[in-house]
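Coordinate analysis (summary)
Now for the letters of each chain:
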Amino acid sequence: MGLSDITARLRAAEAAAGRPAGSVALIAVSKLQPPDRVEAVLAAGHRTFGENYVQEAAGKWPAWRSRFPGVALHMIGPLQTNKAKAALDLFDAIHTLDRPSLAQRLATLAQARGACPALFVQVNTGAEPQKAGVLPDEADAFIAAATRLDLPVTGAMCIPPDGEDPAPHFRLLAAIAARNGLPHLSMGMSADFETAVALGATHVRVGSAIFGDRPARA
Ligand SMILES: *Cc1c(COP(=O)(O)O)cnc(C)c1O
């Protein structure tokens, strides 16, 4: 547990997979964490973070960014269309492009500002009714449509179903990314990031294993 332990485990997983040290980005997921824990990880030199809620992130990160230059912020939670503008102001990457209306909104905003964060298409690999993401069968068409809107889609992201072996979901996501020419794979969390690295993850999203358990959302 903790940043140094997780970093060491990530280096070991990269080596075991025959991948260069540092080739997998460690996104420290700081949603809902007490500020002192996040500041400790910033003070230790880590600069890549993930957040789930636009409003929460907008409340904490501007101040941290001015104190700790070089922060890269990744949006990993569901993104409401009416928060898309705020998200573009704040985030360097968005992992949760999951529907045509959001793609259209991001395209309009990105065109106006002449820039857009790197985008990952979220795929609902388990086809779970309550979970966000495009269905695996619809992923190719959705990626093509988003690319036609000039959106910088560079990756795919998934959250495997609770209590299932994540490996088949990671393999499915990797196949979708490969056949669509997407270089980035956002997969793997505290409980399964080493499996994800073995199966090609380029970005792992690790929260509680770095920071400790998070308080429930108020
Ligand atoms: C919260 C969250 C994580 C981090 O989960 P941990 O189990 O704390 O590592 C990763 N990905 C997404 C999409 C999340 O919402």
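Residues numbered from 1 in each chain as written. Predicted model: local features only at pLDDT ≥ 70, side-chain atom pairs only at ≥ 80, totals over all residues. Heavy atoms only, no water.

1. Some points on the side chain of Thr 125
To keep it simple, the criterion reads: Secondary structure counts use DSSP, requiring at least four H or I residues in a row for a helix and at least two E residues in a row for a strand, with both numbered from the N terminus. Only protein chains enter the accessibility calculation, which uses a 1.4 Å probe; a residue is then buried when its area is under 20% of its type maximum, exposed when over 50%, and partly exposed in between. Any N or O atom pair separated by 3.5 Å or less is treated as a polar contact, with the protein-specific requirement of one donor-capable and one acceptor-capable atom, and with residues adjacent in sequence counted only for side-chain atom pairs. By the convention used here, residues are in contact when the closest approach between their heavy atoms is within 4.5 Å.
Along the polypeptide, Thr 125 turns up in the loop between strand 5 (118-122) and helix 6 (139-148). The buried category is assigned to Thr 125, whose relative accessible area is 10%. A polar side-chain atom of Thr 125 sits 2.9 Å from a polar atom in the side chain of His 169. If we skip the residues at most four places from it in the chain, Thr 125 touches Pro 136, Cys 158, Pro 160, His 169, Leu 172 and Leu 173.

2. Comments concerning helix 5 (residues 100-113)
What counts here: Each helix should span, by expectation, one fewer than its residue count multiplied by 1.5 Å.
Over its 14 residues, helix 5 runs 20 Å from end to end, which matches the ideal 20 Å to within 8%, given 1.5 Å per residue. Taken together, the buried positions of helix 5 are occupied by Leu 102, Ala 103, Leu 106, Ala 107, Leu 109 and Ala 110. Of the surrounding secondary structure, the elements contacted by the buried residues of helix 5 are helix 4 (84-90), strand 4 (93-97), strand 5 and helix 6. In the segment just after helix 5, Gly 114 is the residue with positive phi, at about 70°.

3. Section: the environment of Ala 87
Looking at where Ala 87 falls in the secondary structure, it is placed in helix 4. Ala 87 sits twelve residues away from Met 75 along the chain, and the two C-alpha atoms are 7.7 Å apart. Here Ala 87 is in contact with Val 54, Leu 79 and Ile 94, once residues within four sequence places are set aside.

4. Structural notes on the site of the ligand
Going by this rule: One heavy atom within 4 Å of a molecule or strand makes the whole residue count as near it. Residue burial considers only the protein chains on display, and all accessible areas are found by Shrake-Rupley using a 1.4 Å probe. Think of it as three bins: nonpolar holds Ala, Val, Leu, Ile, Met, Phe, Trp, Tyr, Cys and Pro, charged holds Asp, Glu, Lys and Arg, and polar takes everything else, Gly as well.
Around the ligand, the structure places 13 residues, and the nearest of them are Lys 31, Asn 52, Ser 190, Ser 208 and Arg 214. Take Gly 207: an N or O atom from its main chain is 2.8 Å from an oxygen atom of the ligand. Contact distances for the ligand include 2.7 Å between an oxygen atom and a side-chain N or O atom of Arg 214. With the chains in place, 89% of the 390 Å² that the ligand exposes on its own is no longer accessible. Looking at the shell around the ligand residue by residue, the classes come out as six nonpolar, four polar and three charged.

5. Concerning the packing of aromatic side chains
As a reminder, the rule being used: Here a Phe, Tyr or Trp ring, Trp counted by its six-membered ring, pairs with any other such ring whose centre lies within 6.5 Å, and the pair is stacked when the planes are under 30 degrees apart, edge-to-face when over 60, and tilted otherwise.
Enumeration over the complete set of coordinates arrives at two aromatic pairs. Summarising the aromatic geometry, the rings of Phe 49 and Trp 61 are spaced 4.8 Å apart at their centres and angled 45° between planes, so their arrangement reads as tilted. Of this pair, Phe 49 sits in strand 2 (residues 48-51) while Trp 61 sits in helix 3 (residues 54-67), placing them twelve residues apart in sequence. Overall, the relative accessible area of 0% leaves Trp 61 in the buried class. Their ring planes at 70° and their centres at 4.9 Å tell us that Trp 61 and Trp 64 sit as a pair that is edge-to-face.

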